[in-house]
2 protein chains.
Amino acid sequence: MSALSRQRGLSRSTEDYLKTIYELETRDGAAQTSAIADALAVAPPSVSGMVKRLSDSGLLAHVPYRGVQLTQVGRRTAMRVLRRHRILEKYLTAKLGYDWDSVHEEAERLEHAVSDELIERMAMALGNPEFDPHGAPIPTKDGTVAVPEVTSLSEVPVGETAELRLVSDKDSELLRYLRSLGLRLGVVFEVVSRQPFRGPITIRFAAPPQDEEVVGYELAQSLGCVIRGDEVG
Amino acid sequence: MSALSRQRGLSRSTEDYLKTIYELETRDGAAQTSAIADALAVAPPSVSGMVKRLSDSGLLAHVPYRGVQLTQVGRRTAMRVLRRHRILEKYLTAKLGYDWDSVHEEAERLEHAVSDELIERMAMALGNPEFDPHGAPIPTKDGTVAVPEVTSLSEVPVGETAELRLVSDKDSELLRYLRSLGLRLGVVFEVVSRQPFRGPITIRFAAPPQDEEVVGYELAQSLGCVIRGDEVG
DNA sequence: TTCCATGTTTAGCCTTAACTAATAATATTG
DNA sequence: CAATATTATTAGTTAAGGCTAAACATGGAA
């Protein structure tokens, strides 16, 4: 049992595959071999090999040439890994002074080494948070997540006021850039203009200096917002 | 590069071997193949194989059939792992409510996954502690450790008053038992009697109820004490 | 409908790190 | 000092999890 990661008995790789497949599945509806390979930075044949092992152990269902789906067991495992990841991110930022652009990498390694006990202790110390530092919902202990109800900034109509609620934790360069623009979670702004043909979007912050900033369409697509008025909680 | 553990580029196994060899070297003067195998719960041929790899990478010097010694590089690496382990133990007990009998296992896994940055942040949050929860000195960032100046309880003369300063973190059963006897770090007691032929030792706690307890010789050997009067710091 | 691009899988190889069985070196003891 | 017991090493296997190169599906365009 060379690279096994403690009590759960699943290797680091196994956990990474399950987590990635879960994310692709919820984003794209299905997980293609090449998408998994891209996300994990491995070659496609490595994915085929692992998919074989994982479906042999009942963690996912594989239709050759068609893609992959998590089984019940696989999904539960993925959720546990995701919970560990997000609690870790929250803990590191809240208690140890990490910034939102540097936690991902650290959590990525720790999520395979921490025990469930440690995660629950951290969650307790944090008051059982519902969201990680990037706005992603933290799965509960029993494996349920709220699907976040957000609108891409790229789809917020001109004139509306919105609040930034969700960003991706993957690209730390991008996160640093967002921070430099003043785009932190919870910040409120109005959409001033939107150029056509997927052009840039201008926003004005609601808070005092009321600065304007221009963000590219691609970037705007990756920013999850809640429009003021559609607000639920 | 299957099971490599992040930036340092050393696998989990590699780090475990180096740490174990360091501990054996300082305890027994040298590290025998079979002692390493015992400590890591692997078969002796596995040790021979790893020793080959490690000495090929310049982390230790191996004289066949004679044993093994860390090189400068190997020792520095071992110290970094040990620092990570002990800071983790201290952090988990001080900040997350772990007891001294349950931290070892957790730290054993985490020590291979945490970054040096995280360890330094934890150390900072703890006020740069010098000792872990079992009394073991924490190596500094530059790789130096104080050799603890303690006497086995088994060698404290009758009539002397001593303070418990150091216990092994390895056996959690034992640690629970010690706690149940009231034998925590810093506790002060007098040696009331010592039976001959490696027989049991009776102590009386200095603190109010002044209970007496009897501990076996073997156990007493593993308890590091400082005799009151010999006290330095 | 055949052909081609794209994407997937198979075949075959490598490294790490474990194992067992067999052999070799060292230590102990009669 | 030889015989035996202990300890270490070599030989050969296994499983995970990567890789490249080659073969195989599938779906869109000619």
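So, how was this worked out
Residues numbered from 1 in each chain as written. Chains lettered and ligands numbered in written order. Predicted model: local features only at pLDDT ≥ 70, side-chain atom pairs only at ≥ 80, totals over all residues. Heavy atoms only, no water. Domains from an automatic or database assignment. Contact = heavy atoms within 4.5 Å. Buried area = accessible area lost by both parts, 1.4 Å probe. Salt bridge = Lys/Arg side-chain N within 4 Å of Asp/Glu carboxyl O. Polar contact = N/O pair within 3.5 Å; in protein donor to acceptor, adjacent residues only side chain to side chain. Nonpolar A, V, L, I, M, F, W, Y, C, P; charged D, E, K, R; others polar. Near = heavy atom within 4 Å. Helix = DSSP H or I, 4+ residues; strand = E, 2+ residues; numbered from the N terminus. Pairing = 2+ DSSP bridges. pLDDT = per-residue confidence, 0-100.

It is worth spelling out the domain arrangement of chain A at this point. Residues and elements named next belong to chain A. Considered domain by domain, chain A is made up of domain 1 (1-145) and domain 2 (151-227). Once you take the C-alpha centre of each, domain 1 and domain 2 turn out to be 28 Å apart. Listed as interface residues are 12 residues of domain 1 and, on the opposing side, 14 residues of domain 2. Contact between domain 1 and domain 2 buries roughly 990 Å² in total, counting both sides, with carbon and sulfur atoms accounting for 56%. When residues of domain 1 are sorted by the area they lose upon contact with domain 2, W100, D101 and H134 head the list and together hold 63% of the total. Our enumeration of links across domain 1 and domain 2 arrives at four salt bridges. Residues D101 and R176 are paired through a salt bridge, measuring 3.0 Å at the closest nitrogen-oxygen approach. Run the count over domain 1 and domain 2 and you get seven residue pairs in polar contact (both at pLDDT 80 or more). Split into classes, the residues belonging to the side of domain 1 that touches domain 2 amount to three nonpolar, four polar and five charged.

Taken together, 20 residues are adjacent to DNA strand D, and S11(A), S13(A), S46(A), R66(A) and H62(B) come closest. Among the atoms of DNA strand D close to the protein, meaning within 4 Å, 76% are from sugar or phosphate groups. Take S34(B): an N or O atom from its side chain is 2.8 Å from a phosphate oxygen of DNA strand D. It is helix α3 (residues 44-56) of chain A that contributes the most residues to the surface near DNA strand D, four residues altogether. Of the residues that constitute the surface near DNA strand D, the class distribution is 10 nonpolar, eight polar and two charged.

Residues and elements named next belong to chain B. Read from one edge of the open sheet, six strands run β5-β10-β6-β7-β8-β9, paired in antiparallel fashion. Two strands bound the open sheet, and with one partner strand each, they are β5 (151-152) and β9 (212-215). Of the strand pairs in this sheet, strand β6 (residues 161-166) and strand β7 (residues 188-194) are connected by three bridges, and their pairing is antiparallel. Looking across to β7, one finds that A162 is bridged to F189.

Another aspect to go through is the confidence of the model for chain A. Low pLDDT marks stretches whose predicted atomic positions should not be read closely. Residues and elements named next belong to chain A. Taken residue by residue, chain A gives an average pLDDT of 93. The fraction at 70 or more is 94%. Highest mean pLDDT in chain A belongs to helix α6 (residues 116-125) (98); lowest belongs to strand β1 (residues 4-5) (42). Note that residues 1-6 has pLDDT below 50 and, in this model, 16 contacts with residues that lie over four places away or in other chains.

What follows deals with the interface of chain B and chain A. Accessible area lost upon the coming together of the parts is a frequently used measure of interface size. Taken together, the contact pairs 19 residues of chain B with 19 residues of chain A. Contact between chain B and chain A buries roughly 1600 Å² in total, counting both sides, with carbon and sulfur atoms accounting for 60%. Counting the contacts that link chain B with chain A gives 11 residue pairs in polar contact (both at pLDDT 80 or more). Elements represented by at least two residues in the side of chain B that touches chain A include exactly α4 (72-96), α5 (103-110) and α6 (116-125) of chain B. If one sorts the elements of the side of chain B that touches chain A by residue count, α6(B) sits on top with five residues. The class makeup of the residues in the side of chain B that touches chain A is 11 nonpolar, two polar and six charged.

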